[in-house]
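The residues making up each chain are set out below.
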Amino acid sequence: MSKYPEYTHEKSQEWFNRALAAIPSGVYGHLGPSEGLFLPITKWPLMGDHAKGTYFWDVDGNKYLDFMCAYGPNVLGYCDDDVDAAAMEQLKIGNCTTSPSYKMVECAELLKDTVACADWAFFMKNGSDATTFSVMCARAHTGKKKMMFFKGYYHGDFQWAQKADYPGITPEDVANNIVVPWFDIEAMQEAYDACNGDVAGLIAQPYDHGNFFDNKCASKEQWAKVRKFCDDHGMVLIIDDVRTGFRLDLAGSDHYYGFKADLICFCKALANGYNMSAVCGGEHMKNTASSVVYTGSYWMSAEPFAACLACIPKMKRLNTPPMFREKGIKLTDGFKAAGKEHGFDLVVSGEPALFYLRIANDDSLMLHQEWIAECVSRGLFLASHHNHFINASVTDEDIALAIDIAEDAFGVVAARHPELGLK
Amino acid sequence: MKEAKAMAYVNAYGVLATLENLCEIDDKAKAVCQGLKNPVAICMDVKDGPCVTYHFSKDGCKMTEGEGGCTCKMSFASPEKFNALIDESKPGIPTKNPVQVLSFLLGPFTKLTDILTAYLMPSKEALKERDFFEKSTILTMYTIAGAICALGNNDSISKGSAYYICDGDIGMGITDACYVTICARNHHLSLKKEKAANPRAVMEFKTIDLANALFNGTASTMAELCAGNIHLAGMCNMIDNINRILDRVAVYLG
């Protein structure tokens, strides 16, 4: 018997039906069910109401202990008092103005002081804005055309970052993309030679944190070889730190893995949910960045800069990366032990701050999806095929509660499948 | 843009392969088979394209790859020539047992393909009859499934989708109506016209009406998925890539 009663979602469903009538797919993208993350859909909250710390509440009043953190932006805790106060104060005196606020300069200086490879910062709104700008810079800097990617890449949803078989994408949109296996220097060389060296750069996440498969951490040695390859071939090395940024290392994930990127893209953890992204780069890329025509209506709005100016110093004070690692290990060790109690082989992979989970008892993820659904419908918000996120407001009590709900959910799934003889 | 070679595989493995199912569920098609004095196995051999044999007997129709067991054969100089058989009823060159080729082609084969065409390209009027509507939807499902495999293996864009499909069986179906299994092995897709015994991923349409609406483009896969009318389970990335090939099926068969 489960000690955590299952939630119901009547109001969520009502709102979602209204959404379906007014918005394509109701809630598109990763926050909605269209990407197959909500299976079965009846177990999931579809519309939120409010949030605080590491919890959010849906429109039915159900409370969730959330390890998805809005898919990353919640790095200090939802509605962090310090960050929100800075943002609100800025809002009162000016946000989107003709002459940009000096907060933008302070923000760039803060990033220069924080990020190891940064001699400058350039601001925009979303991760896709940042990766796109970086790729444009690489091409402008080298005068070359093609970009190299590691297999399974995800660098946002702009045309160049999608694949030829995606709706609305033409083969020409992605004709200059070269895909090679992760850290396969031989394959990189072959691909480089195959296009007579017409390669502007490589864009990659700091490690393979893709979906549906165990995440694979990188090593300093692997990155050292890639850095050397790029140097030897005049390629710009871009690190897409949109998801991982400030969770592994406040100086950047390239710093964490012992090398220096030419360009690095940040977004999610910059301002604890206030909308901004940034590209930082070395001095050698600064003139190129100046030459690229790139801006947007809200990119210099002051409120997110004010939030960032409160968020990054607070992350420094709390020294969040080791904290995230420690909490991630504690939480996932508890999950693994709880699974083992019921005969489940729960595999934990990736960096602990962004842990990825997979029940390995079957190879279809169906058992895993069942377990995730039972966790979510009891108030522990996890995802079935995406990495998770730790935020700074997670307490030991939260971790204990999460493990208890997880254990309860394992029991529910085990009881449903006597044919598996799990114990 | 359609590629002629991929279209030829769609015609062979998607459209004509549905004769198997037609001869199982349609009485007129069954009667055509019953009228055969002797079994006929006609091979369609396409240069730079598919080579398949359709075996017809009183029991129905069965498609096999290659020319094994064929009693007569028609050769096509190119995928375009083979596609003209489907689009314009232009036959290829009989290269084995030409008498049987011509008599079968002009007789039973044409009757069967005419019946199949009526189901796969139905009139609005015909669809008002429930039995026809259901059979049309089921046969379309088999055609689409065959076309998915044909394109995943041959269409340059769909091959990109198949590249991201890991090994395993994908179960697709219409609840209580029909099921198929798409088997992915080393990014090559093949079709079994049966329910998957041990799928890594499942996509099942709740009703035959929903399946029909999805096939004819009046319903949105994404919206129905979000509304919970399509059952998904397992490695959704396999389904995701199958759906991308499905978009290409619409280009080829739309």
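Quick notes on the rules
- Residues numbered from 1 in each chain as written.
- Chains lettered and ligands numbered in written order.
- Predicted model: local features only at pLDDT ≥ 70, side-chain atom pairs only at ≥ 80, totals over all residues.
- Helix = DSSP H or I, 4+ residues; strand = E, 2+ residues; numbered from the N terminus.
- Buried ≥ 20, exposed ≤ 12 C-beta atoms within 10 Å, placed from the backbone.
- Contact = placed C-beta atoms within 7 Å.
- Domains from an automatic or database assignment.
- Pairing = 2+ DSSP bridges.
- Axes fitted to C-alpha atoms, helices over the stretch in contact; angles between N-to-C directions.
- Nonpolar A, V, L, I, M, F, W, Y, C, P; charged D, E, K, R; others polar.
- pLDDT = per-residue confidence, 0-100.
- Left-handed = near helix turned anticlockwise from the far one by under 90°.
- Expected span 1.5 Å × (residues − 1).
- Core = buried A, V, L, I, M, F, W, Y, C linked by C-beta atoms within 7 Å.
- Arc of directions from axis to C-beta.

**Let's talk about the overall build of chain B**
Here comes step 1: When helices and strands are tallied, chain B shows 11 helices and 10 strands.
Here comes step 2: Over its C-alpha atoms, taken along the principal directions, chain B stretches across nearly 55 × 40 × 35 Å.
Here comes step 3: Every one of the 254 residues in chain B was classed for burial, and the buried ones make up 50%.
Here comes step 4: In chain B, of all internal contacts separated by at least 6 residues, the share reaching a separation of at least 24 is 66%.

**Things to note about the domain arrangement of chain A**
Residues and elements named next belong to chain A.
Here comes step 1: Splitting chain A by domain gives domain 1 (10–78 + 320–420) and domain 2 (81–318).
Here comes step 2: A C-alpha centroid distance of 27 Å is found between domain 1 and domain 2.
Here comes step 3: Contacts between the two partners involve 22 residues from domain 1, matched on the other side by 23 residues from domain 2.
Here comes step 4: Looking at the side of domain 1 that touches domain 2, the elements that each hand over two or more residues are α10 (320–341), β11 (346–349) and β12 (356–359).
Here comes step 5: Looking at the side of domain 1 that touches domain 2 element by element, the count peaks at 4 residues for α10.

**Some details on the sheet that holds strand β4 (residues 72–76) of chain B**
Residues and elements named next belong to chain B.
Here comes step 1: Pairing is mixed in the open sheet, where 5 strands are placed in the order β3-β2-β1-β4-β5. Each of the sheet's edge strands pairs with one partner strand only, and the pair in question is β3 (60–65) and β5 (93–96). Averaged over all neighbouring strand pairs, the angle between strand axes comes to 25 degrees, with direction disregarded.
Here comes step 2: With 6 bridges connecting them, strand β1 (residues 40–46) and strand β2 (residues 51–57) associate as antiparallel partners. Following the sheet pairing, Val40 is matched in β2 by Phe56.

**Examining the interface of chain B and chain A**
Here comes step 1: Taken together, the contact between chain B and chain A spans 23 residues of the former and 24 residues of the latter.
Here comes step 2: Only α8 (156–163), α10 (221–226), β10 (230–234) and α11 (236–253) of chain B provide two or more residues apiece to the side of chain B that touches chain A.
Here comes step 3: In terms of residue count, the dominant contributor to the side of chain B that touches chain A is α11 of chain B (6 residues).
Here comes step 4: Among the residues forming the side of chain B that touches chain A, the class breakdown is 13 nonpolar, 6 polar and 4 charged.

**Re the domain arrangement of chain B**
Residue and element names in this part refer to chain B.
Here comes step 1: Each domain of chain B was delimited in the assignment, giving domain 1 (4–120) and domain 2 (124–253).
Here comes step 2: Distance from the C-alpha centre of domain 1 to the C-alpha centre of domain 2: 24 Å.
Here comes step 3: The interface is formed by 17 residues belonging to domain 1 together with 19 residues belonging to domain 2.
Here comes step 4: At the level of secondary structure, the elements contributing two or more residues to the side of domain 1 that touches domain 2 comprise α1 (4–15), α2 (19–25) and α5 (98–120).
Here comes step 5: By residue number, the principal contributor to the side of domain 1 that touches domain 2 is α1, which donates 8 residues.
Here comes step 6: Looking at the side of domain 1 that touches domain 2, its residues break down into 12 nonpolar, 3 polar and 2 charged.

**Structural notes on the confidence of the model for chain B**
Low pLDDT means the predicted atomic positions in that stretch should not be read closely.
Here comes step 1: Taken residue by residue, chain B gives an average pLDDT of 94. The fraction at 70 or more is 100%.
Here comes step 2: Across the interfaces of the predicted complex, the ipTM metric reaches 0.85, alongside a pTM of 0.92.

**Brief notes about the pairing of strand β1 (residues 48–52) of chain A**
Residues and elements named next belong to chain A.
Here comes step 1: Where β1 meets strand β2 (residues 55–58), 4 bridges bridge the pair, whose relative direction is antiparallel. Its bridge partner lying in β2, Lys52 is registered against Tyr55.
Here comes step 2: Hairpin geometry of β1 and β2 is characterised by an intervening segment of 2 residues between the two adjacent antiparallel strands and by a positive phi of about 65 degrees at Gly53.

**Topic: the packing of α1 of chain B against helix α7 (residues 130–154) of chain B**
All names here are of chain B.
Here comes step 1: Running from N to C, α1 and α7 point in directions that differ by 150 degrees, and their axes come no closer than 8 Å. α1 and α7 meet at a crossing whose hand is right-handed. Contact residues: α1 offers Lys5, Ala6, Tyr9, Val10, Tyr13, Gly14 and Val15, while α7 offers Thr143, Gly146, Ala147, Cys149, Ala150, Leu151, Asn153 and Asn154.
Here comes step 2: Of the residues belonging to the contact of α1 with α7, the class tally is 9 nonpolar, 5 polar and 1 charged.

**Things to note about the pairing of β12 of chain A**
Residues and elements named next belong to chain A.
Here comes step 1: Taking every second residue as pointing to the same face, both faces of β12 are buried, with Tyr356 and Arg358 on one and Leu357 and Ile359 on the other.
Here comes step 2: Sheet analysis places β11 next to β12, joined by 4 bridges and oriented antiparallel. Each residue of the ladder has a partner; that of Val347, found in β12, is Arg358.
Here comes step 3: Where β11 folds back onto β12 in an antiparallel hairpin, the turn is made up of 6 residues, including Gly350, whose phi is positive at roughly 80 degrees.

**Digging into the sheet that holds strand β6 (residues 168–174) of chain B**
All names here are of chain B.
Here comes step 1: Spatial ordering of the open sheet is given by β8-β7-β6-β9-β10, a layout of 5 strands whose pairing is mixed. Each edge of the open sheet carries a strand with a single partner, namely β8 (188–192) and β10. For this sheet the average axis-to-axis angle between neighbouring strands, irrespective of direction, equals 15 degrees.
Here comes step 2: Note: β6 against strand β9 (residues 201–205), 5 bridges, orientation parallel. Each bridged residue has a counterpart across the sheet, and for Gly171 the counterpart in β9 is Val202.
Here comes step 3: Each of β6, β7 (178–185) and β8 is contacted by α7, which is oriented at about 160 degrees to β8, the strand it contacts most.

**A word on the environment of Ala85 of chain A**
Here comes step 1: As for its placement among the helices and strands, Ala85 of chain A is situated in helix α2 (residues 81–93).
Here comes step 2: In the structure, Ala85 of chain A is positioned 222 residues away from Ala307 of chain A in sequence and 8.3 Å away in space, judged by C-alpha atoms.

**Quick word on the environment of Ile390 of chain A**
All names here are of chain A.
Here comes step 1: Secondary-structure assignment places Ile390 in the loop between β13 (380–381) and α12 (396–416).
Here comes step 2: Along the primary structure Ile390 and Glu326 are separated by 64 residues, whereas in three dimensions their C-alpha atoms are 9.9 Å apart.
Here comes step 3: Contact partners of Ile390, with chain neighbours within four places excluded, come to Phe324, Lys327, Gly328 and Ala353.

**Some thoughts on α7 of chain B**
Here comes step 1: Along its 25 residues, α7 of chain B runs 35 Å from first to last C-alpha, staying within 8% of the 36 Å computed at 1.5 Å per residue.
Here comes step 2: Taking burial as the measure, the 25 residues of α7 of chain B include 18 buried ones, the bulk of the element.

**Here's the deal with the nonpolar core**
Here comes step 1: In this structure, Ala278 of chain A together with Val10, Ile42, Ile148 and Ile182 of chain B are the most contacted members of the largest nonpolar core, which totals 216 residues.
Here comes step 2: When neighbours within four sequence positions are excluded, Ile148 of chain B is seen to be in contact with Ile182, Leu189, Ile242, Ile245, Leu246 and Val249 of chain B.

**Re unusual backbone geometry**
Here comes step 1: Geometrically, the link from Leu39 of chain A to Pro40 of chain A is a cis peptide bond, its omega value of -10 degrees lying close to zero.
Here comes step 2: Along the chain, Pro40 of chain A falls in the loop between α1 (10–22) and β1.

**A word on helix α4 (residues 79–88) of chain B**
Residues and elements named next belong to chain B.
Here comes step 1: Buried within α4 are the following residues: Pro79, Phe82, Asn83 and Leu85. Taken around the axis of α4, the buried residues stretch over an arc of 140 degrees, which confines them to a single face. Those residues of α4 that are exposed and angled more than 90 degrees off the buried face are Asp87 and Glu88.
Here comes step 2: Where α4 is buried, its residues contact α1, β1 and β4.
Here comes step 3: At the C-terminal side of α4, Ser89 shows a positive phi close to 60 degrees.

**Considering the environment of Ile178 of chain A**
All names here are of chain A.
Here comes step 1: Within the secondary structure, Ile178 is located in strand β6 (residues 177–180).
Here comes step 2: Accessibility expressed as a C-beta count within 10 Å gives 18 for Ile178, which makes it partly exposed.
Here comes step 3: Residues Ile178 and Val199, 21 residues apart in the sequence, show an inter-C-alpha distance of 8.8 Å.
Here comes step 4: Excluding residues within four positions of it along the chain, Ile178 makes contact with Lys146, Met147, Met148, Phe149, Ala191, Cys195 and Val199.

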